[in-house]
Structures are given as C-alpha cells and as structure tokens.
Amino acid sequence: MNSEASSLQQQTGSGSSSMASDTNLNSAAPTVAAPFYNTDFYIGVSLAIFSCFFIGSSFIIKKKALLRLSRHGEVRAAAGGFGYLREWIWWAGLLTMGLGEAANFAAYAFAPASLVTPLGALSVIISAVMASRFLNEKLNLLGKLGCFLCILGSTIIVIHSPKEKEIEDLQVLFNMLQDPVFILYVICIFGSSAFVACFVAPRHGHANVVVYIFLCSGIGSLTVMSCKALGLAIRQTLANGGNVFLTWMPWFLIIVTITFIAIQMNYLNKALDIFNTSIVTPVYYVMFTTLVITASAILFKEFTNMRFDDILGDICGFLIVITAVFMLNAFKDLDISLNDVRGLMRPKMQRVSQFDEEVLVAGNGHADKDQRRFSYGSSDIFRKA
C-alpha cells in the first residue's frame, strides 16, 4: 500500500510539475510577444497617420495664402515681410498644421520617434495630390507611382520599426539628455544652423532650397526630442497622479519647444514663398526625417535592441520612401501618362511604301501596289526607284 501511495504521489507530483511548466510557458509567451503587440504602439501609429492628413493639407493652405498675399503687392515672406499674419487663410493653414502637430506630438508619447517621423511621408502624398487639385501643379504617372511607393515604404517602416516599451520616467530621460554624444549632436546643430543663418542664407537662400530647409530640419530634430520629453511629462503626470510640472524641467521643455517651432515656421514660410511646394515638401521630409532618426538613435538608443533584419528592413523602407519622394518631384514636369506606357506595348511594325532598290521588286519605273514589301520603322512616303 505504501509503495502504491508513493508511486501515485510521484505521478501526481510529476503531473503537477508538468502542468506548472506548461503554465509557465503560457505565461511566458505573452511577455515575449507583448512588445510586438503593444496597444500603445498602434495608438502611436494611428495618431501619426492622422497627423499626416492635417500637416499635408496645411502646406497647401499656407501656400494659397502666400500666393494671395503676393498678388496684393505685400512684402513677401522671403523678403522679411510678415503680411501673411493678416491673412485668415494663412491662420487657417496654421491651425490645420497645429492640429496635425498636436496629433504628431501625442504620437511621440506612444511610439518611437524613428517610426513616427518617417510616417510623415504620407503628408507628402497628401500635399502632392492637393497641389495638383488646388495649385494646378500637375501630378503625372511617375508622381502617382511615387505616391504608391511612399505608402509601400511607410508600411515596411511600420513592420520593422522598434516596438520596445517606451521610457516612462522623466528623470531617466533627463539623465539620457546628458549623454556626451547627444550633447555633441546638439552643439553641431546649433553651430551649423547659426553659420547657415548668418552667412549662407543671405547669399544663397533665394537660389537653393536646401538652405532654408536645413535650418527647419536641424532645429526640427531638436523640437521632436523636446516634444517627446514634454509628452512623456504629461503622460507621467496623468498616469501616476504625481504632478511633474512642479519641477523646472517641463517648463523648460515648453519654452524650448515653442522657440524651436517659431524658428521652424519662419524659415519654412521663406522656403514656401520662394520655391514650389512640390519641391519644398519632399526635401523637407528627407532632411528632417534623416536628422530626427539620427537624434533619436543617439538619445534613445532605439536600434540597439533590434534584430539585424528589422534594422535592414527599416533602412530599406526609408530608402524606398526617399526614392518615391524623388520620383514625385524630379520628373514632375514630364508629360507622361498611362497612354504613353500603353503605346510602348504596341508593336513597332509599320507599313512601308518606299520605292527603292532594297524594298521594291522593280517594274518599268512604275510600282504596282501588289509588289510592295513591308518592313519596320519606315514612314508611309511613296518614292520611285
């Protein structure tokens, strides 16, 4: 009896241990998959896409205001004028951009900056489509293919972007801001921006779109970092119940964010006033996104825990988007449509009615129609031998 009881106890114990191990495996599975199915991640993606519609349309609205201002003979924004402040259309564009930036600002609190910023490519599509509709800037077949590639590249970026849990403590972020590499990046941005604004922009700003866009993008990369820190402060206050705004850091971030946004708006208005919207938007996207990803990689170390295939996919998605943006604008003046592509699919054989030694089987100086031969690429010109 004792032996039977002990064997039964052993079986029961082994069964319970196997059930416990199964339970541990089941409980471990969600923790492995949790970072890839985090609700916050998809909230951030949705907010980023939502913001693209407002930001893309804001470029068109503000461009319309600047065009209306130039027709009235006001001092243009490129010449240092601020007459656009009296245009209600410009304020409507600013409000639209504010809504988009607010959604973008909220997205940074839920998703990595290296994901939210590249999704801004969708605003390029919105801007290109609306420019063809309201500004008479033609969108040809290559531009439409560029829009499709923008969507494709953005999808690849979403799939392969870092999905680890975001930083939730403002003090941790403050310690990361003191990283010597990030401080060096900030010094480089401030130094190069000051040099371009003081020496390069007065001479070459009206001839090269990169000048003003660099000032927007460089300062903009720091704006994104401050927005992400400020969003973290708001989220931490709402989640934990403790008011972090009783400290000095959130107020410093608010001042920095407002100052940087004002600088961006100033130089972006100058670029829009001088150059075509279809040029400003993609160049701004490529430069701004590149600098934001660089700053985010330095500050948040988002790529350190990613697998190689995800890093490669993220880079490929970004390169596809850059290619799409290039196609949208480099070939925008070409008059090419789907009918031209259909023409290339047709055979090149044409009827030949040239009368010469190589084509005609001769008669007495006169050719009979039944004796004509056919070849490729010739015209329908009738000529005697």
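Residues numbered from 1 in each chain as written. Predicted model: local features only at pLDDT ≥ 70, side-chain atom pairs only at ≥ 80, totals over all residues. Heavy atoms only, no water.

J.: Explanation requested: the confidence of the model for the protein in the structure shown.
T.: The predicted structure's coordinates, where accompanied by low pLDDT, should not be read in detail. For the protein, the average pLDDT comes to 74, and 74% of its residues sit at 70 or higher. In the model of the protein, strand β2 (residues 375-376) stands out as the element of lowest mean pLDDT, 40, in contrast to helix α8 (residues 180-204), which has the highest, 93. The low-confidence segment residues 351-363 (pLDDT under 50) makes 36 contacts with residues lying over four places distant or belonging to another chain. Contacts from residues 371-385, a stretch scored under 50 in pLDDT, to residues over four places away or in other chains number 41 contacts. (pLDDT = per-residue confidence, 0-100. Helix = DSSP H or I, 4+ residues; strand = E, 2+ residues; numbered from the N terminus. Contact = heavy atoms within 4.5 Å.)

J.: Would you explain helix α5 (residues 121-134) in this entry?
T.: Because an α-helix completes one turn every 3.6 residues, residues spaced three or four positions apart along the sequence face the same direction. Look at α5: 20 Å from first C-alpha to last across 14 residues, which is about the 20 Å you get at 1.5 Å a residue. If you check which residues of α5 are buried, you get Ala121, Leu122, Ser123, Val124, Ile125, Ile126, Ser127, Ala128 and Ala131. Directly beyond the C-terminal end of α5, a positive phi value near 60° is found at Asn136. (Expected span 1.5 Å × (residues − 1). Buried < 20%, exposed > 50% of the residue type's maximum accessible area, 1.4 Å probe, protein only.)

J.: So what exactly am I meant to see when it comes to the packing of helix α6 (residues 141-160) against helix α12 (residues 308-330) here?
T.: Two quantities define a packed helix pair, namely the angle between the axes and the distance from one axis to the other. One way to put it is that α6 packs onto α12 with a least axis distance of 8 Å and a crossing angle of 165°. For the element pair α6 / α12, the angle class is roughly antiparallel. Between α6 and α12 lies a crossing whose hand is left-handed. Contacts between α6 and α12 involve Leu142, Gly143, Leu145, Gly146, Cys147, Leu149, Cys150, Gly153, Ser154, Ile156, Ile157 and His160 from the former and Asp309, Asp310, Gly313, Asp314, Gly317, Phe318, Ile320, Val321, Ala324, Val325, Met327 and Leu328 from the latter. Along the lines of polarity and charge, the residues of the contact of α6 with α12 split into 14 nonpolar, seven polar and three charged. (Axes fitted to C-alpha atoms, helices over the stretch in contact; angles between N-to-C directions. Parallel < 35°, antiparallel > 145°, perpendicular 65-115°, else oblique. Left-handed = near helix turned anticlockwise from the far one by under 90°. Nonpolar A, V, L, I, M, F, W, Y, C, P; charged D, E, K, R; others polar.)

J.: Would you explain the packing of aromatic side chains in this entry?
T.: For any pair of aromatic rings, the description consists of the separation of the ring centres together with the inter-plane angle of the planes. As enumerated under the stated definition, the model contains nine aromatic pairs in all. With centroids separated by 6.4 Å and ring planes inclined at 25°, the aromatic side chains of Phe182 and Tyr185 adopt a geometry described as stacked. Linking Phe182 with Tyr185, this pair stays in helix α8, spanning three residues, or about one helical turn. Considering the side-chain rings of Phe195 and Phe199, the 5.5 Å spacing of their centres and the 40° angle between planes classify their relative orientation as tilted. Placement of both Phe195 and Phe199 in helix α8 is noted, with a separation of four residues, approximately one turn of the helix. With a relative accessible area of 48%, Phe195 lands in the partly exposed category. Judged by its relative accessible area of 54%, Phe199 is exposed. An aromatic cluster is defined as three or more aromatic residues linked by ring pairs; in this entry it consists of Phe59, Tyr284 and Phe288. The side chain of Lys228 reaches across the aromatic face of Phe300, ending 5.5 Å from its centre. (Phe/Tyr/Trp six-rings, centres within 6.5 Å; stacked < 30°, edge-to-face > 60°. Lys NZ or Arg CZ within 6 Å of the ring centre and 35° of its normal.)

J.: Explain the pattern of salt bridges to me, please; I cannot follow it from the model alone.
T.: Between side chains of opposite charge, a pair can form as their charged atoms come close. Counted under the stated rule, the structure contains two salt bridges. Arg307 is the partner of Asp309 in a salt bridge, and the nearest nitrogen-oxygen pair spans 3.5 Å. You can call Asp309 partly exposed: its relative accessible area is 40%. Where Arg307 meets Asp310, a salt bridge forms, and the shortest distance between an N and an O atom there is 3.6 Å. Residues joined in a network through salt bridges with shared partners are Arg307, Asp309 and Asp310. (Salt bridge = Lys/Arg side-chain N within 4 Å of Asp/Glu carboxyl O.)

J.: What's the story with the environment of Thr223 in this structure? I'm lost.
T.: For Thr223, the location among the structural elements is in helix α9 (residues 209-240). Judged by its relative accessible area of 5%, Thr223 is buried. Distance in space between the C-alpha atoms of Thr223 and Phe260 is 5.9 Å, their sequence separation being 37 residues. Ignoring any residue separated from it by four or fewer positions in sequence, one finds Thr223 in contact with Thr257, Phe260, Ile261 and Gln264. Here Ile219 takes part through its backbone oxygen, which lies 2.9 Å from a polar atom of the side chain of Thr223. At 2.9 Å, the side chain of Thr223 and the side chain of Gln264 are in polar contact. (Polar contact = N/O pair within 3.5 Å; in protein donor to acceptor, adjacent residues only side chain to side chain.)

J.: Honestly, the packing of α8 against α9 in this entry has me stumped. Any pointers?
T.: Two elements in contact, α8 and α9, have axes whose closest approach is 9 Å; the angle formed by their N-to-C orientations is 155°. One way to sum up the angle between α8 and α9 is to call them roughly antiparallel. Taken as a pair, α8 and α9 cross one another with a handedness that is left-handed. Of the residues in α9, those in contact with Phe182, Tyr185, Val186, Ile189, Phe190, Ser192, Ser193, Val196, Ala197, Val200, Ala201 and His204 of α8 are Val211, Tyr212, Phe214, Leu215, Gly218, Ile219, Ser221, Leu222 and Met225. Considering only residue class, the contact of α8 with α9 consists of 16 nonpolar, five polar and no charged.

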